[in-house]
Amino acid sequence: MNCSQGENAPGTRPSKTTPNAQALPAMLCMTAAVVLWALPATAQESTSGSNGVDILGLRGTRAQPAAQQAATAQQAPPPQYDPASTGAIPDPATAENADDSLFSLPANADDPFADAPPPDNGRRPSTALRRTAARNTVGEIAPGPMRENLRAEAVDQDVNMPVEREPTIDTLENPLIDQRAERVQAIERLRRPHDERPFAPVGIRAGSFILRPSLEQGMTATSNASVSHDGSSAVLSETTLRLNAVSDWSRHAATIDAYGNLRRSLSGEDLKESRIGVDARLDLDLGNELRGFGTLNYLRRPESASSPAAIAGTLSQPIVQTVGGSLGLEKDVGKARFGIAGRLEHDIYGDAELSTGGSVSQKDRDSTLAALTLRGGYEISPALTPFLEAEVGRRQYDQKVDSNGYERSSDRIGARAGLALDMGEKLSGEFSAGWLRESFDDDRLRPVSGPTIAAAMNWSPERGTIIHLAASTEAEGSTVAGESGSLLHSLRLSAEREIRANLTANAALGFGYRDYSGSNGHDTIFSAEAGATWWLNRYAGLTGRLRHERLRSNLPYRDYDANSVFVGMTVQR
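Residues numbered from 1 in each chain as written. Predicted model: local features only at pLDDT ≥ 70, side-chain atom pairs only at ≥ 80, totals over all residues. Heavy atoms only, no water.

**Some words on a nonpolar patch on the surface**
In step 1: Together, Trp249, Leu282, Leu284, Leu286, Leu329, Ile340, Leu372, Leu374, Val392 and Ile413 give the surface a local cluster of nonpolar side chains, amounting to about 830 Å² of exposed area.
In step 2: Sorting the residues of the nonpolar patch by element identifies strand S5 (272-287) and strand S12 (367-378) as the ones contributing at least two each.
In step 3: For the nonpolar patch, the element with the highest residue contribution is S5, accounting for three residues.
In step 4: Relative to the assigned elements, Leu286 resides in strand S5.
In step 5: On the basis of relative accessibility, which here comes to 44%, the residue Leu286 falls in the partly exposed class. (Patch = residues over 30% accessible without salt bridge, like charges linked within 9 Å, V, L, I, M, F, W, Y side chains within 5 Å. Areas by Shrake-Rupley, 256 points an atom, 1.4 Å probe, with all protein chains shown as cover. Salt bridge = Lys/Arg side-chain N within 4 Å of Asp/Glu carboxyl O. Helix = DSSP H or I, 4+ residues; strand = E, 2+ residues; numbered from the N terminus. Buried < 20%, exposed > 50% of the residue type's maximum accessible area, 1.4 Å probe, protein only.)

**Remarks on the pairing of strand S2 (residues 209-222)**
In step 1: As paired strands, strand S1 (residues 204-206) and S2 are joined by three bridges and run antiparallel to one another. Residue pairing across strands places Ala206 opposite Phe209, the latter belonging to S2.
In step 2: Adjacent in sequence and paired antiparallel, S1 and S2 are bridged by two residues, among which Gly207 carries a positive phi angle near 70 degrees.
In step 3: As judged from the 14 bridges shared by S2 and strand S3 (residues 234-247), these two strands associate in the antiparallel manner. By the bridge assignment for S3, Thr220 is matched with Leu236.
In step 4: One ladder, built from nine bridges, connects S2 with strand S22 (residues 560-572); its direction is antiparallel. When the bridges of S22 are listed, Gly218 appears paired with Gly568. (Pairing = 2+ DSSP bridges.)

**Topic: the sheet that holds strand S10 (residues 352-354)**
In step 1: If you walk across this open sheet you meet the three strands as S7-S10-S11, and the pairing is antiparallel. Looking at strand neighbours, the two that pair on one side only are strand S7 (314-316) and strand S11 (359-360), the edges of this open sheet.
In step 2: Bridge count between S7 and S10: two bridges; the pairing is antiparallel. Note on S10: the bridge partner recorded for Thr314 is Leu354.

**Observations concerning the pairing of S5**
In step 1: As paired strands, strand S4 (residues 253-268) and S5 are joined by twelve bridges and run antiparallel to one another. Note that in S5 the partner of Arg263 across the bridge is Glu273.
In step 2: From the end of S4 to the start of S5, which pair antiparallel, there are three residues.
In step 3: Relative to strand S6 (residues 290-302), S5 is paired through eleven bridges, and the arrangement is antiparallel. When the sheet's bridge partners are listed, Val278 is paired in S6 with Tyr298.
In step 4: Hairpin remark: S5 followed by S6, antiparallel, with two residues in the connecting loop; positive phi at Asn288, about 55 degrees.

**Re the confidence of the model for the protein**
As a general rule, the predicted coordinates of low-pLDDT regions are not to be interpreted in detail.
In step 1: Per-residue pLDDT for the protein has a mean of 78; in total, 66% of the residues score no lower than 70.
In step 2: Note on residues 38-76: pLDDT is under 50 here. Beyond four places in sequence and across chains, it has 15 contacts. (pLDDT = per-residue confidence, 0-100. Contact = heavy atoms within 4.5 Å.)

Structure (structure tokens):
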């Protein structure tokens, strides 16, 4: 072959060929040269045995010179690299698909419509491809954790699985759903916590206090409006406003109880009266088993017509105001209990309006009581603590001499023994009994003395039932010339029962005994009351109440009976 045909002979016109046509003869010449150069070496290799013996006798005998053996060793090709992991380099071509031609084409390359698979390059599929094929195939076999085990087995067995589309979750049978991934119900359908008192007041937060106000409005029909010996029937409008406030403190505690009552006659006996009362208490935890407390009291009320100092022939009884307070400390030393408290109380009497016109001053009855109480006790058990208590004090009248010329200021002394109980919500409180004596500055007046009782206990025999016991002894003054006064012993037992969540019933029994000093006169007072409240919802309810009161005395013009019924509505927050 003339490799110079690609050039134009001298004196001839250059042919109009493309650059690719001019380069083709040159490429063919180069290919022929490479084949001719490699042919002799191939022929020698193919005619020699594996043991180096020249089969055709072209290389001589087996015993070759040392120099020729060294040259032959230098021309031997280096050992081929065999990788440890499969797929690192392409595998060598086998005899079936080997093709020494540089320009060889695949089978049926000239047929564009042939549907032949791509040529196998003899290479082992990579680990990633095998894992993908195993995952796609096993996805249809078993869902859930079993699928992962089958995938691992397929990869270990080197199974060439076809690549298929991953099925959707909806097509899987019995999928294992995570319980935490379930749909959450709407807030309206959530199970709310059980409210043990669904009709109790929720209160109003004011700073660090919870306020619980209530308003009671109704009508009262009574057989004795003035609760006196000569009282008559009437129909009254009665309004009562109450407020309870409790602190929300972590260490100390404060409570406030206040009320206001207004009564007006709608028909029958004319009656106009109002009452206001406030009781506040503060308890302080001073640390090291030391506690402090303080109280503040205010009461404004009309004087009862059954009072021994009541003035006959008045349009309305005088207004009595009592302002008081106390301070005290309590200390625990082991099982011993010690306490000290001081009390101050001031009574103010208004003028009495007469039915004939004019008024009578009551300023000679204004007085101040100051008393100091010492207490010592010993804790027998956490629930029982007996104690002894001693009291000393003085009652000082604003006017040294009253309208009848008597000096009624007096010294006060008393002693009591009692028991304090603390059984949690089941039973708590204390009761005591003792003796009290008041000696007047005027020697013409006999001392007022006698036994005393005091109690404040709460008992809950079962859930929803509370029984309260209250008892007290009060020294009463007198405006009658030559009379010292009296001791009034009062006892009240009340019970409250929650019959249903929206129905509350209450009942009370009261007993009183008044002992006149210096005479054999006495009064016996009895009262009974029953009522119920039916709550329409948490904020409003219907209230009904029945009451009976009776007084019997060995003194003239003091007996009376009074029956009343109240119907109204209560609103609370």
